[in-house]
Amino acid sequence: MVDKTRRKPLIAGNWKMNGSADMARELVDALLGHLPIGSVEIMVIPPFPYLAQIRSRIAGNQLLLGAQNVSMHAGGAFTGEVSAGMLADVGVAGVLVGHSERRELCGEDDAQVAAKFEAVRRAGLKPVLCIGETLQQRDAGMAESRVGEQLDAVLERCGIEAFAGAAIAYEPVWAIGTGRVASASQAQQIHSFVRTRLANHDATIAGLVRILYGGSMKPENASSLLACPDIDGGLIGGASLNAGHFLEIASAAARA
Ligand code: PGA
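Residues numbered from 1 in each chain as written. Predicted model: local features only at pLDDT ≥ 70, side-chain atom pairs only at ≥ 80, totals over all residues. Heavy atoms only, no water.

A few points about helix α8 (residues 184–199)
In this model α8 runs 22 Å from its N-terminal to its C-terminal C-alpha over 16 residues, within 8% of the 22 Å that 1.5 Å per residue would give. If you check which residues of α8 are buried, you get A187, Q188, I190, H191, F193, V194, R195 and L198. (Helix = DSSP H or I, 4+ residues; strand = E, 2+ residues; numbered from the N terminus. Expected span 1.5 Å × (residues − 1). Buried < 20%, exposed > 50% of the residue type's maximum accessible area, 1.4 Å probe, protein only.)

Below you can see the structure in the form of structure tokens.
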């Protein structure tokens, strides 16, 4: 298996539906003042309306821009939707697909998530595929089978090659925004399961895919999670709205 040091850590801040133009400016400026942090890639994922504004502030800097969602369609009569091509146009580099809040609150199923993953790839952008089990599924001993199903839906539609350069975020639903964090060993177990499942298709791609942990990652717990052999970064919600906390997590990734 590929050595962990060949995977650059990625710390991505999912702002969810939070913020304002002023907040976006202040937060991004605070981050820019501290970059680079080792070899860590840092991505901000604001709501759509702030993408272009942030893009103009970060031009020429190391901060990457991400989007929280995308349409599976390339264009046309889909009022309210945003295509991957449009995101590419405004300088987006990475796109979350299948975040659990979209799966749960907007009814996105595995097939739709796979179609979105494909749309993102087609536009030349990097998908960040979010997967994770609910508390009920974990308690029923189904964490691996649920995560495996979510992964297989994308593998079947897009093939293992589509994972080259993509990232995966393991986000146990019970740990998102709850303050309850998976233990390092619980997270490592699923990350290793995911990598092995990809390796059954292509060991080299599996060894290079970055698998992020998400779900109440904070400065206090980041170091122990990021030290795990298959945890290559974090998808940070709440703590990404505070520049100091977000930077502390990025520094922990640099030390890992
Ligand atoms: P959280 O959110 O860090 O607030 O738990 C993570 C996410 O949903 O991406």
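Quick notes on the nonpolar core
Judged by nonpolar contacts, the single largest core of 72 residues is most densely connected at F163, V194 and L198. Element by element, the count of residues in this core is highest for helix α11 (residues 243–255), at 7 residues. For V194, the contacting residues outside a window of four places in its chain are I131, V147, L151, I168 and I211. (Core = buried A, V, L, I, M, F, W, Y, C linked by side-chain atoms within 4.5 Å. Contact = heavy atoms within 4.5 Å.)

Things to note about the site of the ligand
Residues in contact with the ligand amount to 13 residues; listed here are only the nearest, K16, H99, E171, G177 and S216. Within the backbone of G237, an N or O atom sits 2.9 Å from an oxygen atom of the ligand. (Near = heavy atom within 4 Å. Polar contact = N/O pair within 3.5 Å; in protein donor to acceptor, adjacent residues only side chain to side chain.)

Here we look at the sheet that holds strand β8 (residues 233–236)
Pairing is parallel around the closed barrel formed by 8 strands, whose spatial order is β1-β2-β3-β4-β5-β6-β7-β8. For this sheet, the mean inter-axis angle between neighbouring strands, taken without regard to orientation, is 25 degrees. Pairing geometry for strand β5 (residues 126–131) and strand β6 (residues 167–170), over 4 bridges, is parallel. Within β6, the residue paired with C130 across the bridge is A169. Across the sheet, helix α2 (residues 51–58) lies against β2 (41–45) and β3 (63–67), angled at about 170 degrees from β3, the strand it touches most. (Pairing = 2+ DSSP bridges. Axes fitted to C-alpha atoms, helices over the stretch in contact; angles between N-to-C directions.)

Thoughts on the packing of helix α7 (residues 143–158) against α8
Between α7 and α8, whose axes approach to 10 Å, the crossing angle comes to 35 degrees. The two elements α7 and α8 cross, and the hand of that crossing is right-handed. In contact with A143, E144, V147, G148, L151, D152 and L155 of α7, α8 contributes Q189, I190, F193, V194, R197 and L198. Counted by class, the contact of α7 with α8 contains 8 nonpolar, 2 polar and 3 charged residues. (Left-handed = near helix turned anticlockwise from the far one by under 90°. Nonpolar A, V, L, I, M, F, W, Y, C, P; charged D, E, K, R; others polar.)

Focus: unusual backbone geometry
Residue L35 is joined to P36 through a cis peptide bond whose omega torsion reads 0 degrees. In this structure, P36 sits in the loop between α1 (21–32) and β2. Even without glycine at this site, S216 takes up a positive phi of about 55 degrees. Tracing the backbone shows S216 in the loop between β7 (210–214) and α10 (219–226).

Digging into the side chain of H191
Its place among the elements puts H191 in helix α8. The class for H191 is buried, based on a relative accessible area of 0%. Reaching out from H191, the side chain makes a polar contact with the backbone oxygen of I211 at a distance of 3.5 Å. Setting aside residues no more than four positions away along its own chain, H191 makes contact with Y170, I211, L212, Y213, D230 and I231.

Digging into the environment of I190
Positionally, I190 belongs in helix α8. Note on I190: relative accessible area 1%, which makes it buried. It is 9.1 Å that separates the C-alpha atoms of I190 and D230, two residues lying 40 residues apart in sequence. I190 has contacts with R138, A143, E144, V147 and Y170, leaving out every residue within four places of it along the chain.

Points about the packing of aromatic side chains
Evaluated as defined, the whole model comprises 2 aromatic pairs. Ring centres of F117 and F163 lie 5.1 Å apart, and the angle between their planes is 40 degrees; on these two criteria the pair is classed as tilted. With F117 in helix α5 (residues 110–122) and F163 in the loop between α7 and β6, this pair connects stretches of sequence that are 46 residues apart. Residue F117 shares its accessibility class with F163, and that shared class is buried. (Phe/Tyr/Trp six-rings, centres within 6.5 Å; stacked < 30°, edge-to-face > 60°.)

None of this, on its own, says anything about what the molecule does.
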